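Structural characterization, general
Chain residues, written in single-letter form:
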Amino acid sequence: MGDVGVSNGNNNYALYSSSETLNDGVYEDQMGFLGPNNGDDANEDGHDAGGDRKDMTELDKYWKAVRDTPQDFTGWTYLLQYVEQENDLIAAREAFDAFFKCYPYCYGYWKKYADLEKKNIFIDRCQEVFERGVAAIPLSVDLWQHYISFFRTQYPGPEYEEKTRSLHERSVQSAGLEFRSDRLWEIYIQYEIDCKKPRNAMEIYDRLISTPTQLYSHHFEKFEEFVRDNLPKDILSAEEFLVLRMEYLKNQKASAPTSDDASAEGEQNKKSADSSSTNDDAKTENDAKKEEEEASAIRDKIIELRRVKHKANEEEVSRRWNFEEGIKRPYFHVKPLERTQLKNWRDYLDFEVENGSHERVVILYERCLIACALYEDLWLRYAKYMEAFGEDGPRSVYDRACSIHLPQKPNIHLARASYEEKSGNFSKAIEALNFLEKMFPTYLPAKFRRLGLVRRTGKREDVEALFKKYIDAATSPSIASLYAIKLARYRFKVCGDIEGSKRILNTAIENDKVRFRFMFD
């Protein structure tokens, strides 16, 4: 069994990797992974993966549809339905793996993929799929729940207690700030209670009480019940318990009877010392009563201290409640969002940037870009926000946007190129523009941006060579003339070569007389 792993506690959501990385180069041919492996794939696990391979004609048809139009989400669903029905595990793995390189945010299909592996009794493979799924969409509360349920069912023994605890901890570190993450917190707390670890449960409650979630009020009510049902020394750290107990004893001492009252009480006790054989029982009962009073007072203090945090959390929830109520589709779908939904996300982001912590802003952007993964302006906005926090954040945002979600949106690639150039990383900037040129061979802004980028490197021979390449590859005389005019201007303005500039323009006029005729009419 693969190790579940332990999170290091650094919740840098901006650095989440996609479900699959396209090697080191973000701009590897996007369609290169599409298509079934028609070789003789042996089942490496040694199991019968659904019997002999059948005639692949139908399967090839479904693959052709998604190869021809990878953005056809419905075509992908038909392919996945087909391989599930056929129970051909090798074909299913190929299909699901290719699908997730296009649509990693579809948590329901991660669950289907994991169930398929489990159905064919590949438990380690099933766990691997879950791991890939929560890496691709770490804010998916549902996927974490399914993963935890699978793991606890497969590995129920006490020897797996720490690994199970680690998985619960990873789930709340990854998705615990999601507004609808209540269930993850609840099952984590219940797990610790079931393991007879009330102090661990108390520590989780302490975190949850300060976390804005949909059921925040319910959680505090459950917390109060939890405190009432357990002895303070069993749920508090030794340090906090001793502090609260000393405070209680100090208060008791301050309210103790006066010396006269104490003397009278002592006399009465002395007179009755020999009058009954039940004094020892009464003393024991009296001690138990005092202990219960002490425990009750400390419980009240525990709740009182946490209520302050609860009230502060309630205020945070109330400030966000209307925005959360306005989120009608928090999951990914290829269908466009309503304008009101998009406005709500943008307004919510504005609010969080102005009022929230950096961590909460990042969480909200990540939530937003699950539902709005196909909206270029929101990716650009996220990358721009992250620029204030180092290079890794915006680069991760651009990587995911350009390689997975928006490979055919030119503006995001141009923005990435600008960012990389601004960061001094000219090779990555050129890489971004190269990809854009391959994707859209006739898209002139990409070519002009690349010319400008090469010009700013100061290597004149590279600029001249690139101009020549574009002029020679021009699809029409008018396009060649456009490049020639820019080259002539470059020669004149940058190189100070007036004669060379004239020669370039004269050649362009000869080659494109129709375009330049207006100059002589």
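Residues numbered from 1 in each chain as written. Predicted model: local features only at pLDDT ≥ 70, side-chain atom pairs only at ≥ 80, totals over all residues. Heavy atoms only, no water.

Observations regarding the packing of helix α8 (residues 182–194) against helix α10 (residues 216–229)
It is the contact of α8 with α10, at a shortest axis distance of 11 Å, that shows an interaxial angle of 10°. One finds that α8 runs roughly parallel with respect to α10. Two secondary-structure elements touch here, α8 through D182, E186 and I193 and α10 through Y216, H218, H219 and F226. In terms of residue class, the contact of α8 with α10 is made up of three nonpolar, two polar and two charged. (Axes fitted to C-alpha atoms, helices over the stretch in contact; angles between N-to-C directions. Helix = DSSP H or I, 4+ residues; strand = E, 2+ residues; numbered from the N terminus. Parallel < 35°, antiparallel > 145°, perpendicular 65-115°, else oblique. Contact = heavy atoms within 4.5 Å. Nonpolar A, V, L, I, M, F, W, Y, C, P; charged D, E, K, R; others polar.)

Topic: unusual backbone geometry
With phi around 55°, N87 is a residue other than glycine that occupies positive phi space. The residue N87 is located in the loop between α2 (73–86) and α3 (89–102) in this model. Look at N87 and you get partly exposed, because its relative accessible area is 22%. One non-glycine residue, K196, lies in positive phi territory at about 60°. Residue placement: K196 occurs in the loop between α8 and α9 (198–209). By relative accessible area, which is 69% here, K196 ends up exposed. (Buried < 20%, exposed > 50% of the residue type's maximum accessible area, 1.4 Å probe, protein only.)

Some thoughts on the packing of α3 against helix α4 (residues 107–119)
Running from N to C, α3 and α4 cross one another at 160°; their axes reach a closest spacing of 11 Å. The angle between α3 and α4 places the two elements in the roughly antiparallel class. In terms of crossing hand, the pair formed by α3 and α4 is left-handed. Facing L89, A92, R93, F96, D97, F99 and F100 of α3, the residues of α4 in contact are Y109, W110, K112, Y113, L116 and E117. Residues belonging to the contact of α3 with α4 are distributed by class as follows: nine nonpolar, no polar and four charged. (Left-handed = near helix turned anticlockwise from the far one by under 90°.)

Remarks on the pattern of salt bridges
In this structure the tally under the stated criterion is 46 salt bridges. Several salt bridges share partner residues, and in doing so they unite E161, E162, R165, E192 and K197 into one network. (Salt bridge = Lys/Arg side-chain N within 4 Å of Asp/Glu carboxyl O.)

Looking at the packing of aromatic side chains
Two measures describe an aromatic ring pair: the distance that separates the ring centres and the angle between the ring planes. The tally for this structure, following the rule as stated, stands at 33 aromatic pairs. Residues F96 and F100 carry aromatic rings whose centres are separated by 6.1 Å and whose planes lie at 25° to one another, so their mutual orientation is stacked. Here the residue F96 and the residue F100 both occupy positions in helix α3, the gap between them amounting to four residues, near one helical turn. Of the two residues, F96 and F100, neither departs from the other in class, the shared state being buried. Among the aromatic residues, those joined into a cluster by ring pairs are W63, F73, W76, F96, F99, F100, Y103, Y109, W110, Y113 and F332. Its end group placed over the ring of F122, R93 keeps NZ or CZ at 5.1 Å from the ring centre. (Phe/Tyr/Trp six-rings, centres within 6.5 Å; stacked < 30°, edge-to-face > 60°. Lys NZ or Arg CZ within 6 Å of the ring centre and 35° of its normal.)

Here we look at a positive patch on the surface
Residues R455, K486, R489 and K493 make up a contiguous surface patch of positive charge. Tallying contributions element by element places helix α23 (residues 477–493) first for the positive patch, with three residues. (Patch = residues over 30% accessible without salt bridge, like charges linked within 9 Å, V, L, I, M, F, W, Y side chains within 5 Å. Areas by Shrake-Rupley, 256 points an atom, 1.4 Å probe, with all protein chains shown as cover. Lys, Arg positive; Asp, Glu negative; His and termini not counted. Charge placed at Lys NZ, Arg CZ, Asp CG, Glu CD.)

Here we look at helix α6 (residues 141–154)
A rise of 1.5 Å per residue sets the reference length of α6, with its 14 residues, at 20 Å; its end C-alpha atoms lie 20 Å apart and thus fit the reference within 8%. Within α6, the full set of buried residues consists of V141, L143, W144, Y147, I148, F150 and F151. At its buried positions, α6 is contacted by α4, α5 (123–136), α7 (161–175) and α8. (Expected span 1.5 Å × (residues − 1).)

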